[in-house]
Amino acid sequence: MRPLRQSGPSPARARRTKTRLDSLRAEVQGLNKFLLLEKANLDIMRGKQVGAAEIDGLLAYYLKTILSLTGSTAGSILIRDGDHLVIRAARGPGARKLIGTRMPGGNGIAGRVARSGKAHLGADLRGRRGRISSDPDMLPRVILAAPIRNGRSVVGVIELTRKAGGGAFTAGDKAMLKALAGRLSLDLEYADLLAGSQREARHRVMQMKLSTVLNSTLDQREVRRRAMEAATALMDAEVGSLLLVDEKTGDLFFEVALGEKGARLKEIRLKMGEGIAGWVAAKDQPALVNDVENDPRHFRQAGVITKFVTRNMVCVPVRSKGKVVGVLQAINKKGGGAFTGEDLENFMTLSHQVAVALENAHLYAELKETFVNTAAALAAAVEKKDPYTGGHIRRVVDYSSAIARNMEGGAGDLQQLRLAAVLHDIGKIGIRDSVLLKQSGFTPEELELMRSHPLVGADILAHIEQMGEVRRIMRAHHEKWNGSGYPDGLAGESIPLHARIISVADAFDAITTDRPYRKAAGLDAAKAEIARHGGTEFDPSVVAAFVEACDRGDILISRE
């Protein structure tokens, strides 16, 4: 009778099973470690601005982990770029030189995997086209490759080319590589979405900042300069320029040109249709040119004049009221990169904002000019009453401006000063002619009436809220530094600075203008008279600026 066979596996089989379980356990532990590291890596990425460097870091990390888990010593990760595959991560002999290598997308095992979307486990590659290296010592005996997908599209390939100890890749290695390629696909998609959302957020913030900047002033020149500064930053460009259409000639001229060659660019005028900018203006179409030197529209004379090499450019029309009024240019992407379709879209959005800001500034300038001209006409009507004061307003405006330009530390808003100087005597419109035109010998009542003109002028402007400061200046232009003036008896720095300036300009014009009862004084005598009253009637700092303006030739006596 045969002895009964013992149940259970043989010792050898048990050892093989244990070895296999240990191997699987090690793989699981490796995968768990990998997943933990991957999460940490993505958490770090989430807190960063994601760009090409961060993506390359992720790929390098993946490749190192994949080689460790598969027992490999060499490999690479290739990412699709148009019709090519670009090696973005590599490890093994000569790896550093391989990074950045571009391979035709259909060549070699990587190309086959990219076309088919199927993993590959193959043998000797010697003699095959598209191999990574021509060095026989670097040619692998076996190769394992898996596609990296984004949905149905293959966006890259992972290649492993050397097994540790010269062994062969197995079906288990293939399964693991496919799984890891799947994880990498998800992480790349996440990184791409993160980078896209960050770009969008940056552009939104930049556009909000641009809107704030453009709306912070209505000065046309300042709007143009700030617009180009913001545009250059938004596009990450080396330089930027704004060309405007000359309404008289139809030519394009550089209104704003940033960068060290900007001043030289302003010497250039383009005919409509000339150069890329002229083409954009004539066609009313944007242009994205990443090889300017070989573009037939390129205006080469600009480079000759400025000694500046233009590599690439985004150029868009600026429209206002249905017509092209200018062209925005962003030149040379920083870091040697190329402008993209996304850049073009952002630049078009920017051009719309710039157009609105320029139109608002232009309308404001027209409105302001209309108001100033109306005020000047009203003031001139008063002036017409007195033939002896003809041109007084214009002269006081000119003298006040010259004094302000020579004030140490500046004199604030010069446009406000000019407007106040235009209107300073507007209150005389309320003085009856019998008093206003009287040549001398005022009675106390008549003198009091004449001294009321600052109050009358202030009352005229009382209903214009935006003219509050001008009204305050008008009211105070006959106040004196020592407090002896009128109508409020203000003294020292309680008198608005612009009123103190107009006071000196007004007195100087009175001294240097003929009157029925005396002849006009010359420049030197008038200057000495004003200087003599510095510290009593007039602010000493304003008198010093007045004397400086006279000495520099900024103030000359005007005879009319």
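Our structure is the block above this text.
Residues numbered from 1 in each chain as written. Predicted model: local features only at pLDDT ≥ 70, side-chain atom pairs only at ≥ 80, totals over all residues. Heavy atoms only, no water.

**Looking at the packing of aromatic side chains**
Centre distance and the angle of the planes are the two values used to describe a pair of aromatic rings.
Thinking step 1. Applying the stated rule across the entire model yields three aromatic pairs.
Thinking step 2. Aromatic side chains Tyr 61 and Tyr 62 sit 5.8 Å apart centroid to centroid with 80 degrees between the ring planes, which places their arrangement in the edge-to-face category. Here Tyr 61 matches Tyr 62 in class, with each residue buried.
Thinking step 3. On the numbers, 5.0 Å between centres and 80 degrees between planes, the contact of Tyr 399 with Phe 508 is edge-to-face. Here Tyr 399, found in helix H11 (residues 392-405), pairs with Phe 508, found in helix H17 (residues 497-511); they are 109 residues apart in sequence, far enough to count as distant. Of the two residues, Tyr 399 and Phe 508, neither departs from the other in class, the shared state being buried.
Thinking step 4. Between the NZ or CZ atom of Arg 297 and the centre of the ring of Trp 279, over which it lies, the distance is 4.5 Å. (Phe/Tyr/Trp six-rings, centres within 6.5 Å; stacked < 30°, edge-to-face > 60°. Buried < 20%, exposed > 50% of the residue type's maximum accessible area, 1.4 Å probe, protein only. Helix = DSSP H or I, 4+ residues; strand = E, 2+ residues; numbered from the N terminus. Lys NZ or Arg CZ within 6 Å of the ring centre and 35° of its normal.)

**A short note on the environment of Met 272**
Thinking step 1. Here Met 272 lies in the loop between strand S9 (269-270) and helix H8 (275-283).
Thinking step 2. For Met 272, a relative accessible area of 41% gives the class partly exposed.
Thinking step 3. Taking the C-alpha atoms as reference, Met 272 lies 9.5 Å from Thr 249; in sequence the two are 23 residues apart.
Thinking step 4. Contacts of Met 272, omitting those with residues within four sequence positions, involve Val 245, Gly 250, Gly 278, Ala 281 and Ala 282. (Contact = heavy atoms within 4.5 Å.)

**Things to note about the environment of Glu 479**
Thinking step 1. By the secondary structure assignment, Glu 479 is in the loop between helix H16 (468-475) and H17.
Thinking step 2. You can call Glu 479 buried: its relative accessible area is 3%.
Thinking step 3. Distance from Glu 479 to Ala 499, taken between C-alpha atoms, is 8.0 Å for residues 20 residues apart in sequence.
Thinking step 4. Among all residues touching Glu 479, those that are not within four sequence positions of it are Gly 485, Tyr 486, Pro 487, Asp 488, Gly 489, Leu 490, Ile 495, Ser 503 and Glu 537.
Thinking step 5. In terms of polar contacts, Glu 479 uses its side chain to reach the backbone amide nitrogen of Gly 489, at 3.1 Å. (Polar contact = N/O pair within 3.5 Å; in protein donor to acceptor, adjacent residues only side chain to side chain.)

**Section: the pairing of strand S2 (residues 84-91)**
Thinking step 1. As paired elements, strand S1 (residues 72-81) and S2 share seven bridges and run antiparallel to each other. Across the sheet, residue Asp 81 finds its bridge partner in S2, namely His 84.
Thinking step 2. Hairpin connection from S1 to S2: two residues lie between these consecutive antiparallel strands, with Gly 82 at a positive phi of about 65 degrees.
Thinking step 3. Bridge count between S2 and strand S3 (residues 102-104): three bridges; the pairing is antiparallel. Bridged to Val 86 within S3 is Arg 102. (Pairing = 2+ DSSP bridges.)

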